[in-house]
Every structure is written in structure tokens, then in C-alpha cells.
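Coordinate inspection notes
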Amino acid sequence: MRKNLGKKTAVYPMPVFIVASYDKDGKANCMNAAWGGIYETNQVMVCLDEGHKTTKNIKETKAFTINIADASHVIEADFVGMVSGNKLENKMEKAGFTTVKSEFVNAPVINEFPMAVECKLIKFNEDGICIGEIVNVSADEKVLGEDGEIAPEKLEAITFDPIHHTYIKLGEKVGNAFSDGKKMM
């Protein structure tokens, strides 16, 4: 039997994106954005309020990175979502983050996170949806499998639980996409 829970912002999983950008002077900033995902082939989207420093930075530089938050950095990921770069100038340093400039876009890659999606700004919609073209994905070798691709169980990405306000670690394989369903054909 199903139970109606009412109108809730409940979609699972909700990725935890740490969106990073440079300001006009080249200073790195980041924020936690749990509202986002794939928009179209080779495109991502994140919902960003106009008041965020990151939003202003992306509009100025036309680039950003989405660093995938992992289980090893839950505290830091949560911190950069709680504190505004408009109010705390050394937010990145306080979180313990170091960066390197992307080779592909004018945006920082956060060294502490094992995976980054490097994006060129396509546009901001009038409702705050930031759409970026994926120009590169970079990953620390420690999260790569034998095939040279990202191994989710090594990545240990976290997801946001909007009902209980918790973070959950992902990684267990339970099936094969575009394959297991063939058993029903």
C-alpha cells in the first residue's frame, strides 16, 4: 500500500555539485548546488539564485566547473553551501580547498574533489537556470577503474536527501543499463 506524503521537494538522487568560478580578478569561489543535472547531451544545468557570488562570476567569465562532492569531503561541501562568498571573502581557504585553473575553460578545478566537469556558459534562463556546455571531464586517477573510466564505487559521490537533510554515499552497482532490460524482450 502506498502512502501519500503531500507536496515535497523529493527527487532521488539529488547530486551535490560544488560549482566553482573565478571573479573578474581571478579569485576562486565555490558554492554547493544540489539542484542540477544533465540538461541535454554534453550540457549540464544548475539552479543558481541571482544573489550568489558564483552567479555573478559565471556571468562575467562565461565559465564554471562542477566538482562532484565526495564522502571524504562532506563537511567542506556542506560548509560552502552554508556560507556566502559575498560575506566571507576567504571561503575557499576556510574550507581548505586548493585549485588549479582548468586547461579548457576560465574556471577553477578544486583539487580536493576527485572529479570535475568543466563547462563553458551557454546561457542563464530568466528563472535562474544556468546551462553549460561540457568541454571536459577530469578525474583523479585514484577514482579510475581498470578500463580507465570513472569507477563510481571509488568516486564515492554523495547525494542530498531533501527530506531528512542528510548526505548519502553512492557507489553500489545493482544492474547494467541498456542491457538488463533485454531479459524482458
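Everything quoted here is computed from the prediction, not taken from an experiment. (Residues numbered from 1 in each chain as written. Predicted model: local features only at pLDDT ≥ 70, side-chain atom pairs only at ≥ 80, totals over all residues. Heavy atoms only, no water.)

For the rest of this paragraph, the subject is the overall build of the chain. Assigned secondary structure in the chain consists of four helices and twelve strands. Rg of the C-alpha trace for the chain: 17 Å, near the compact-globule value of 16 Å for 185 residues, within the 12% margin. Based on the C-alpha atoms only, the size of the chain along its principal axes is roughly 55 × 45 × 30 Å. For the chain, the computed accessible surface area is about 11400 Å², with 52% contributed by carbon and sulfur atoms. (Helix = DSSP H or I, 4+ residues; strand = E, 2+ residues; numbered from the N terminus. Rg over C-alpha atoms; globule rule 2.2 N^0.38 Å. Areas by Shrake-Rupley, 256 points an atom, 1.4 Å probe, with all protein chains shown as cover.)

Now for the sheet that holds strand E11 (residues 158-161). The antiparallel open sheet is built from three strands, whose spatial order is E1-E11-E12. The sheet terminates laterally at strand E1 (14-15) and strand E12 (166-169), the two strands that pair on one side only. Pairing analysis gives two bridges linking E1 to E11, with the strands arranged antiparallel. Across the sheet, the residue bridging to Pro 15 is Thr 159, located in E11. (Pairing = 2+ DSSP bridges.)

So, about unusual backbone geometry. Note the cis peptide between Tyr 12 and Pro 13, where omega equals -15°. Within the element layout of this structure, Pro 13 appears in the segment before E1. Phi angles above zero are rare outside glycine, and Lys 62 is one such case at about 65°. Phi at Phe 178 takes a positive value of approximately 60°, unusual for a residue other than glycine. If you trace the backbone, Phe 178 turns up in the segment after E12.

Our next topic: the nonpolar core. Counting residues in each nonpolar core, the largest one holds 20 residues, and the members touching the most others are Val 19, Leu 48, Ile 58, Phe 64, Ile 66 and Cys 130. Elements that contribute at least two residues to this core include exactly strand E2 (17-22), strand E3 (28-33), strand E5 (43-47), strand E6 (63-68) and strand E9 (115-124). Contact partners of Phe 64, with chain neighbours within four places excluded, come to Val 19, Ala 20, Val 44, Ile 58, Val 105, Ala 107, Val 117, Glu 118, Cys 119, Leu 121, Cys 130 and Gly 132. Counting residues in hydrophobic clusters, the runner-up holds 19 residues, among them Ala 20, Ala 77, Phe 97 and Ile 110. (Core = buried A, V, L, I, M, F, W, Y, C linked by side-chain atoms within 4.5 Å. Buried < 20%, exposed > 50% of the residue type's maximum accessible area, 1.4 Å probe, protein only. Contact = heavy atoms within 4.5 Å.)

A full pass over the atoms with the stated rule returns four salt bridges. Here Glu 93 and Lys 27 are joined by a salt bridge, their closest N and O atoms 3.8 Å apart. With a gap of 66 residues between them, Glu 93 in helix H3 (residues 91-95) and Lys 27 in the loop between E2 and E3 connect regions that are remote in the sequence. On the basis of relative accessibility, which here comes to 48%, the residue Glu 93 falls in the partly exposed class. The salt bridge involving Glu 156 is made with Lys 169; its shortest N-O contact spans 3.5 Å. Taken together, the residues Glu 156 in the loop between helix H4 (152-155) and E11 and Lys 169 in strand E12 connect sequence positions 13 residues apart. (Salt bridge = Lys/Arg side-chain N within 4 Å of Asp/Glu carboxyl O.)

An order of E3-E2-E6-E9-E10-E5-E4 is seen for the seven strands of this open sheet, with the pairing classed as antiparallel. The strands lining the two open edges of the sheet, one partner per strand, are E3 and strand E4 (36-40). Here the strands of the sheet are splayed against their neighbours by 35° on average, with no regard to which way each runs. The sheet contact formed by E4 and E5 spans four bridges and is antiparallel. Note that in E5 the partner of Gly 36 across the bridge is Val 46. (Axes fitted to C-alpha atoms, helices over the stretch in contact; angles between N-to-C directions.)

Our next topic: helix H1 (residues 53-61). The α-helix advances 3.6 residues per turn, and as a result positions three or four apart in sequence lie on the same side. If you check which residues of H1 are buried, you get Lys 53, Thr 54, Thr 55, Asn 57, Ile 58 and Thr 61. The elements touched by buried residues of H1 are E2, E3, E6, E9 and strand E10 (129-139).

Glancing now at the state of the cysteines. Summed over the entire model, instances satisfying the criterion amount to zero disulfides. Sulfur of Cys 119: no disulfide; nearest cysteine sulfur belongs to Cys 130 and is 8.0 Å away. (Disulfide = S-S within 2.5 Å.)

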